[in-house]
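Architecture at a glance
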Number of protein chains: 2
Amino acid sequence: VKKLLNDPADAVADSLAGFALAHADLVQVSSSPVFVSRAGGAVTGKVGLVSGGGSGHEPLHAGFVGAGMLDAAVPGAVFTSPTPDQILPAVQAADGGAGVLAIVKNYTGDVLNFETAVELAEAEGVEVATVLVNDDVAVEDSLYTAGRRGVAGTLAVEKIAGAAADRGADLGTVTAVAQRVVANVRSMGVALAAPVVPHVGRPSFDLGDDEIEVGIGIHGEPGRRRVPAASADEVTEMLLAPVADDLGLTGGDRVLLFVNGMGGTPLSELYVVYGRARRLLEERGVTVSRSLVGNYVTSLEMQGASVTVLRLDDELEALWDAPVTTAALRW
Amino acid sequence: VKKLLNDPADAVADSLAGFALAHADLVQVSSSPVFVSRAGGAVTGKVGLVSGGGSGHEPLHAGFVGAGMLDAAVPGAVFTSPTPDQILPAVQAADGGAGVLAIVKNYTGDVLNFETAVELAEAEGVEVATVLVNDDVAVEDSLYTAGRRGVAGTLAVEKIAGAAADRGADLGTVTAVAQRVVANVRSMGVALAAPVVPHVGRPSFDLGDDEIEVGIGIHGEPGRRRVPAASADEVTEMLLAPVADDLGLTGGDRVLLFVNGMGGTPLSELYVVYGRARRLLEERGVTVSRSLVGNYVTSLEMQGASVTVLRLDDELEALWDAPVTTAALRW
């Protein structure tokens, strides 16, 4: 397996060093312990937003640090939770005196390590609230989780909560907005081919030439079932139906439709999935009023995609539309 | 080989249908013949910009249609030049009465078909200028070209010429700016694994588990040489040195450094390449004042990357910084 890396043990550090140089206007990267924060430091009087998790999902989370979104991000080793000693200084760096919201994907390691760091931060006088993202409808419990996993819906939580913080909402309000996103966002993904973790050097799982894994997680952990390779239209239905059913979408609902690439699937194919997902939603009487298509919450070079639907109301839509200036998302 | 497609023969049409739905605020897509133009139509009094080429390089070119960049894009079949009957209506759609600049990557088929279309457009009264992009330093002639190929540098030509047109420059001035970008931009790429053309169904070339192709084109056509797989630092030197030498970069030069993913390489690895390329430029006394890292000029799901350097002056830098609002590039 070939990668554009040096020593696999340095994969995250080397990548972050390049990221810091490329985006010095937006971020600063601390190397020991490793975390990413805004170039200008915390914004005084604004609620700070911190997220983090294993690396390998780029641009999540570091690519979302900047005005209108995150104040700090904590990258762990590849597919490995960041440690409390990384998370604590990131929380402190995000604190502008109005408290900090930690946005945590629901993986056992992430949850435990954020909990520990939050306790330490609170002991040092920082007010911290936590929101768990658990948008993946594929499985109830999984290899790394109790309850549902947090996947691509995390982007929507970070964007919308970031906009709420940006317009001056207090910690309770920002937290409530984030929770409302969590309550209204669902995702499901599919893998066509497995990723390769750098220090492992072989595919994370075996998938036959004629089969795909439906309901895959973003670490290559098992999904709902393996099925024979199928057309984009068929695969999209396998993803969209459970998402729409779980959300209880009905005629008249208005949504954000986000088709996310897992890293190794061409953008052109993501638009094929988008087109089919949109038609399926419209057949249910649902209006797609906002869209996002691209590789945002990836699994290294895994081939595949996920479909995320967020039920919108006027406030969530306005917060989604609010300006954002980060390395990976800007408008 | 598995893809998120329906009938491979419909790959481009299905993808464009989804693209049109996702970005209806930015673009409209004509289906017969196939071309993409701005949602609002041509901007009266502004020089129009048209580009195009084979599909499979998304988001190039359709993803760059919008304010500050292209007015129309013409996607051919995968890795196949668009036909004159597609290009002609795209030129007409881009014409706001101030003439049209056609930005053409230097591939024989593209050049011939654009020439034919331009003649037809001129016969109908549209003033058209053409700029050929030939930034790939890897090979002089190749499978599909006389002279050098046009690759990722095309993005810089489209962005900067688009900004010049946006600020009201006339056709001669926009053309001269585009030519100045062409004169100052160079690229070179590497493949770690081959892409698969949908209707072909097998990898475009064979590459051993322990070798990479240096100087690859964006259609998987041969490069300079196959070498044993090497570290990111070593590979980056193989790409950066010929680019910098060909540009004749010297101490005091200021550049845009653009590390482009070929579609199947994780973003995290592109930042490793970026970091090394930047250090190599700085060792030459060159200042990197602008940066771009991401999958913009791809070759389906090919694993690999290219390094593009554009020598900047104050005007080119200001035009690069000017606002752009497209599906794939916005600031």
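All chains use their own residue numbering, which begins from 1 and follows the written sequence. For this description, chains carry letters from A and ligands carry numbers from 1, given in the order in which they are written. Reporting in this predicted model follows two pLDDT cut-offs: at least 70 for local features of residues, and 80 or more for side-chain atom pairs to be given and counted; totals over whole chains, interfaces and linings ignore these cut-offs and use all residues. The side-chain values count all of the structure's non-hydrogen atoms but skip hydrogen atoms and water molecules.

A closer look at the packing of helix 2 (residues 84-94) of chain B against helix 3 (residues 108-123) of chain B
Residue and element names in this part refer to chain B.
- Under this scheme, a helix contributes an axis fitted over its contacting stretch, all axes are lines through C-alpha atoms, and angles between N-to-C directions fall in the 0 to 180 degree range. Going along the chain from the N terminus, every DSSP run of H or I of four or more residues is numbered as a helix, and every run of E of two or more is numbered as a strand. As a packed pair, helix 2 and helix 3 sit with axes 8 Å apart at the nearest point and diverge in direction by 50°. Relative to helix 3, the element helix 2 lies oblique. In the packing of helix 2 onto helix 3, the handedness of the crossing is right-handed. In this structure, helix 2 uses P84, I87, L88 and V91 to contact helix 3, whose residues at the interface are N113, F114, T116, A117, L120 and A121.
- Of the residues that constitute the contact of helix 2 with helix 3, the class distribution is eight nonpolar, two polar and no charged. Roughly parallel covers angles under 35 degrees, roughly antiparallel covers those over 145, roughly perpendicular covers 65 to 115, and oblique covers all other angles. A crossing counts as left-handed when the near helix is turned anticlockwise from the far one by less than a right angle, and as right-handed when that turn is clockwise. In what follows, a contact means two residues having at least one pair of non-hydrogen atoms within 4.5 Å. Each residue is assigned to one class: nonpolar for Ala, Val, Leu, Ile, Met, Phe, Trp, Tyr, Cys and Pro, charged for Asp, Glu, Lys and Arg, and polar for all the others, Gly among them.

Here's the deal with helix 5 (residues 171-184) of chain A
- Here helix 5 of chain A contains 14 residues, and its C-alpha end-to-end distance of 20 Å stays within 8% of the 20 Å for a straight helix at 1.5 Å per residue.
- Exposure is judged per residue with a 1.4 Å probe applied to protein chains only, and the accessible area is read against the type maximum: over 50% gives exposed, under 20% gives buried, and values in between give partly exposed. Of all the residues in helix 5 of chain A, the buried ones are L171, V174, T175, V177, A178, V181, V182 and N184 of chain A. Here a helix's expected span is defined as the number of its residues, less one, multiplied by 1.5 Å.

Remarks on unusual backbone geometry
Residue and element names in this part refer to chain B.
- Residue S32 is joined to P33 through a cis peptide bond whose omega torsion reads 0°.
- Within the secondary structure, P33 sits in the loop between strand 1 (27-31) and strand 2 (34-38).
- The omega torsion across L60 and H61 is -10°, close enough to zero to call that bond cis.
- For H61, the position within the fold is in the loop between strand 3 (48-55) and strand 4 (72-78).

A short note on the nonpolar core
- We call a set of buried Ala, Val, Leu, Ile, Met, Phe, Trp, Tyr and Cys residues a nonpolar core when their side-chain atoms join them within 4.5 Å. Within the largest apolar cluster, 104 residues are counted, with the highest numbers of intra-cluster contacts made by L257, L281 and V309 of chain A together with L49, L101, L155 and V174 of chain B.
- The element best represented in this core is helix 7 (residues 267-283) of chain A, accounting for nine residues.
- Setting aside its immediate chain neighbours within four residues, L281 of chain A contacts L240, L249, V255, L257, V286, V288 and V309 of chain A.
- Within the second largest apolar cluster, 103 residues are counted, among which are L70 and A169 of chain A together with V190 and I212 of chain B.

So, the relation of the copies chain A and chain B
- In this comparison the copies share one frame, found by least squares on the C-alpha atoms of residues holding pLDDT of at least 70 in both. Note on the identical chains: chain A maps onto chain B by a rotation of 180° and an axial translation of 0.0 Å, with an RMSD of 0.0 Å. The two molecules are tied by a two-fold rotation axis, judged by turn and shift. Residues of chain A ranked by C-alpha distance from the rotation axis are headed by G264 of chain A, positioned 2.1 Å from it.

Comments concerning the packing of aromatic side chains
Residues and elements named next belong to chain A.
- Pairing of aromatic side chains requires ring centres within 6.5 Å, counting the rings of Phe and Tyr and the six-membered ring of Trp. Pairs whose planes differ by under 30 degrees are stacked, by over 60 edge-to-face, and all others tilted. Taken as a whole and judged by the stated rule, the model has six aromatic pairs over all chains.
- Judged by centre distance (5.2 Å) and plane angle (50°), the ring pair of W320 and W331 falls under tilted. Of this pair, W320 sits in helix 8 (residues 314-321) while W331 sits in the segment after helix 8, placing them eleven residues apart in sequence.
- Its relative accessible area of 4% is what places W320 among the buried residues.

As for the pattern of salt bridges
All names here are of chain A.
- A side-chain nitrogen of Lys or Arg and a carboxyl oxygen of Asp or Glu constitute a salt bridge if their distance falls within 4 Å. Per the stated rule, a full pass over the model turns up 44 salt bridges over all chains.
- Between R180 and E315 there is a salt bridge, with the nearest N and O atoms lying 2.7 Å from each other. With R180 in helix 5 and E315 in helix 8, this pair connects stretches of sequence that are 135 residues apart.
- Residue R180 is classed as partly exposed on the basis of its relative accessible area, which comes to 27%.
- Ionic contacts of the salt-bridge type, sharing partners, join the residues R254, R290, D314, E317 and D321 into one network.

Quick look at the sheet that holds strand 11 (residues 287-294) of chain B
Residue and element names in this part refer to chain B.
- Two strands pair if DSSP finds at least two bridges between them. The strand order across the open sheet formed by six strands is 9-8-7-12-10-11, and the pairing between neighbours is mixed. Each edge of the open sheet carries a strand with a single partner, namely strand 9 (225-228) and strand 11. Within the sheet, the average angular offset between the axes of one strand and its neighbour, ignoring direction, is 20°.
- Bridging between strand 10 (residues 254-261) and strand 12 (residues 303-311) involves seven bridges; their strand directions are antiparallel.

Observations concerning the interface of chain A and chain B
- Between chain A and chain B, the contact holds 50 residues from the first and 50 residues from the second.
- Together chain A and chain B conceal approximately 4000 Å² of surface at their shared face, both sides included; 63% is due to carbon and sulfur atoms.
- Contact with chain B buries surface across chain A, with K2, L4 and Y271 of chain A losing the most and accounting together for 22% of the total.
- Salt-bridge contacts for K3 of chain A lead to E269 of chain B; the nearest nitrogen and oxygen are separated by 3.7 Å.
- Nitrogen and oxygen atoms within 3.5 Å of one another constitute a polar contact, given that in protein one can donate a hydrogen and the other can accept it, and given that sequence-neighbouring residues count only through two side-chain atoms. Connecting chain A to chain B are 22 residue pairs in polar contact (both at pLDDT 80 or more).
- Mapped by element, the contributors of at least two residues to the side of chain A that touches chain B are helix 1 (11-22), strand 8 (211-214), helix 6 (232-247), helix 7, strand 11 (287-294) and strand 12 (303-311) of chain A.
- Counting residues per element, the side of chain A that touches chain B draws most heavily on helix 7 of chain A, which supplies nine residues.
- Broken down by class, the residue content of the side of chain A that touches chain B amounts to 25 nonpolar, 14 polar and eleven charged. By buried area we mean how much accessible surface two parts lose on assembly, using a 1.4 Å probe and totalling the loss over both.

What about the sheet that holds strand 3 of chain B?
Residue and element names in this part refer to chain B.
- Spatially, 1-2-4-3-5-6 is the arrangement adopted by the six strands of the open sheet, whose pairing is mixed. A single partner strand is all that each edge strand has here, and the edge strands are strand 1 and strand 6 (128-133). Taken pair by pair, the neighbouring strands of this sheet meet at an average axis angle of 20°, ignoring direction.
- In this sheet, strand 5 (residues 100-105) lies alongside strand 3 in parallel orientation, the contact comprising five bridges. Counted as the bridge partner of G48 is V100 from strand 5.

What to know about the side chain of S187 of chain A
All names here are of chain A.
- Along the polypeptide, S187 turns up in strand 7 (residues 185-193).
- Overall, the relative accessible area of 0% leaves S187 in the buried class.
- At 2.6 Å, the side chain of S187 forms a polar contact with the side chain of D135.
- Residues within four places of S187 in sequence aside, it is in contact with D135, D136, V137, A138, V151, A152, G153, V243, V307 and T308.

Let's talk about the domain arrangement of chain A
All names here are of chain A.
- Where each domain starts and ends comes from a domain assignment, either automatic or drawn from a database. Domain boundaries assigned for chain A yield domain 1 (13-183) and domain 2 (185-321).
- Taking only C-alpha atoms into account, the centre of domain 1 sits 22 Å from that of domain 2.
- If you look at the interface, domain 1 gives 35 residues, while domain 2 gives 37 residues.
- In this assembly, domain 1 packs against domain 2 so that about 3100 Å² is buried in total across both faces, 64% of it on carbon and sulfur atoms.
- A per-residue breakdown of the area domain 1 buries against domain 2 is headed by F79, V137 and R180, which together make up 19% of the total.
- Inspection of the domain 1/domain 2 interface yields five salt bridges.
- The interface formed by domain 1 and domain 2 contains 19 residue pairs in polar contact (both at pLDDT 80 or more).
- Those elements that place two or more of their residues in the side of domain 1 that touches domain 2 are helix 4 (153-166) and helix 5.

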